[in-house]
Amino acid sequence: MPTHRIPYLLLTAGVAVALVAGRGLAQPKVAPPVDLTVTRCDACAEWNEPQRPFRVHGNTYYVGTRGLSAILVTSPAGHVLIDGALPESAPLIAASVRALGFRLEDVKVLLNSHAHFDHAGGLAALQKASGAQVVLHPWSAKVLRMGTSLPDDPQFGVYLPFPGVRADREVRDGEVVQVGALALTAHFTGGHTPGGTTWTWRSCEADTCWDMVYVDSQSAIADDTFRFSRNSRYPSVLADFAKAHGLFERMPCDVVLTPHPGLSELFERLAKREAGNTTAFRDPAGCREYGAWARDRLADRLKKEAGGTR
């Protein structure tokens, strides 16, 4: 599991994106100019670089940008799309779906890992373009409806707004979301946010079926006022992290996908497969390693808090 850090977020300006349902894409409609010396996101331009879409395994495809994941799971009865990246990412995701030969209008369900602007920002535009149902964790449903966060989010003080989207249905922990033969299971894995959700399903290619896991972010990142070791904003944060880490240790897991693709070495694995390693994406120890990595990062954060630093 990689040890590099996700770039810390600074405030950025929201950008409104419109997609036209059907075969064509509208040009992005940019919001009025904003003073970026006051509000900016240093990492967003790099995160939003276009990425060629590709099959991961069977009916699972990567349709995200270079720095932010979006996962398409397909079936003859309709498709499921997980995460919408930035508001500016929506046209790129839609174009990637179509480049693979699928219709955006055949996406029946939109899911989310967690309700931050860089993973949920494009959901409103994608929902409008596809007509898909949005299915969310109850906490995320509240946040996405408002387009802004709640104080129990550890990153509330640096949280960025994005276009709001209404949840058509709220999911329960362990609930299976179905579209035709597709069956994706929700696992509540909070800590990074109270609404963090990991999604699991099986994808088959010929006679080879793999357990796919889209693990939610588990990094202990917070605003200047939040302490994971002691806080009244999110009292169950350490218990939620512990629950998630334990789940990752025991869940069936062949392929690990992450909201930031670098944390699962996605493109390095793609390069290995294109060089001839047909099982480059398969890593049965990946979920355990991700849980151990997240646990170590949290322990490091708690040690720094105990010493009066962050």
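Residues numbered from 1 in each chain as written. Predicted model: local features only at pLDDT ≥ 70, side-chain atom pairs only at ≥ 80, totals over all residues. Heavy atoms only, no water.

Asks: Whenever I open this one, the pattern of salt bridges confuses me. Can you help?
Replies: If charged atoms from side chains of opposite charge come close, those side chains can pair. Under the defined criterion, the tally for this structure stands at 16 salt bridges. Salt-bridge contacts for Arg103 lead to Asp106; the nearest nitrogen and oxygen are separated by 3.2 Å. The class of Arg103 is partly exposed, set by a relative accessible area of 46%. Asp106 sits in the partly exposed class, given a relative accessible area of 25%. One salt bridge in this structure joins Arg301 and Glu305, with 2.9 Å as the shortest N-O distance. (Salt bridge = Lys/Arg side-chain N within 4 Å of Asp/Glu carboxyl O. Buried < 20%, exposed > 50% of the residue type's maximum accessible area, 1.4 Å probe, protein only.)

Asks: Would you mind going over the nonpolar core with me for this structure?
Replies: Within soluble globular proteins, side chains that are nonpolar generally end up buried alongside one another. Among the nonpolar cores identified, the biggest contains 40 residues, and Leu72, Leu81, Leu110, Leu126 and Leu144 are the most heavily contacted of them. In terms of residue count, helix α4 (residues 123-130) provides more of this core than any other element does, 5 residues in total. Look past the residues within four positions of Leu144 in its chain and what remains in contact with it is Asn112, Ala115, Ala120, Leu123, Leu136, Phe162, Gly164 and Val165. (Core = buried A, V, L, I, M, F, W, Y, C linked by side-chain atoms within 4.5 Å. Helix = DSSP H or I, 4+ residues; strand = E, 2+ residues; numbered from the N terminus. Contact = heavy atoms within 4.5 Å.)

Asks: I would appreciate a short explanation of the sheet that holds strand β5 (residues 107-111) in the present structure.
Replies: Taken in spatial order, the 7 strands line up as β1-β2-β3-β4-β5-β6-β7 in an open sheet, and their pairing is mixed. For this open sheet the edge positions go to β1 (54-57) and β7 (169-170), each flanked by a neighbour on one side alone. As judged from the 2 bridges shared by β5 and strand β6 (residues 133-136), these two strands associate in the parallel manner. When the bridges of β6 are listed, Leu110 appears paired with Val134. Against the sheet, helix α7 (residues 266-274) makes contact with β1 and β2 (60-62), and its axis sits at roughly 90° relative to β1, the strand it touches most. (Pairing = 2+ DSSP bridges. Axes fitted to C-alpha atoms, helices over the stretch in contact; angles between N-to-C directions.)

Asks: Got a minute to help me understand the environment of Asp153 in this structure?
Replies: Note on placement: Asp153 falls in the loop between α5 (138-146) and β7. Relative accessible area serves as the criterion here: at 0%, Asp153 is assigned to the buried category. As for Asp153 and Ala115, which are separated by 38 residues in sequence, their C-alpha atoms are 9.6 Å apart. The contact partners of Asp153, leaving out residues within four places of it in the chain, are His116, Trp139, Tyr159, His192, Thr193, Pro194 and Arg233. Side-chain polar atoms of Asp153 contact the backbone nitrogen of Gln155, separated by 2.9 Å. (Polar contact = N/O pair within 3.5 Å; in protein donor to acceptor, adjacent residues only side chain to side chain.)

Asks: I would appreciate a short explanation of the side chain of Ser75 in the present structure.
Replies: In this fold, Ser75 is placed in the loop between β3 (71-73) and β4 (79-82). Residue classification places Ser75 among the buried residues on the basis of a relative accessible area of 10%. In terms of polar contacts, Ser75 uses its side chain to reach the backbone carbonyl oxygen of Gly78, at 2.6 Å. Non-local contacts of Ser75, meaning those with residues more than four positions away in its chain, are made with Val179 and Leu182.

Asks: I keep staring at the sheet that holds strand β9 (residues 182-188) and nothing clicks. Help me out?
Replies: Strands sit in the order β8-β9-β10-β11-β12 across an open sheet of 5 strands; the sheet is mixed. Only two strands of the sheet have a single neighbouring strand rather than two, namely β8 (176-179) and β12 (255-257). With direction set aside, neighbouring strand axes in the sheet form an average angle of 25°. In this sheet, β12 lies alongside strand β11 (residues 208-214) in parallel orientation, the contact comprising 3 bridges. Within β12, the residue paired with Tyr214 across the bridge is Leu257.

Asks: How do you make sense of the packing of aromatic side chains when you look at a structure like this?
Replies: The description of an aromatic ring pair rests on the distance of the ring centres and on the angle between the ring planes. One pass over the structure, following the stated rule, counts 9 aromatic pairs. Where Tyr62 meets Phe267, the ring centres are 5.7 Å apart and the plane angle is 85°; that geometry is what we call edge-to-face. Placement of Tyr62 in strand β2 and of Phe267 in helix α7 is noted, with a sequence separation of 205 residues between them. Look at Tyr62 and you get buried, because its relative accessible area is 0%. (Phe/Tyr/Trp six-rings, centres within 6.5 Å; stacked < 30°, edge-to-face > 60°.)

Asks: Please clarify how the state of the cysteines should be interpreted in this entry.
Replies: Formally, a disulfide is one covalent bond, and it connects the sulfur atom of one cysteine to the sulfur atom of another. Overall, the coordinates contain 2 disulfides when judged by the stated rule. Across the disulfide, Cys204 is cross-linked to Cys209 (sulfur-sulfur distance 1.9 Å). Its torsion about the S-S bond being 105°, the disulfide of Cys204 and Cys209 is classed as right-handed. Overall, Cys209 belongs to the partly exposed group, its relative accessible area being 29%. Bridging Cys253 to Cys287, the disulfide has an S-S length of 2.2 Å. Taking the sign of the S-S torsion, 80° for the link of Cys253 and Cys287, the bridge is right-handed. (Disulfide = S-S within 2.5 Å.)

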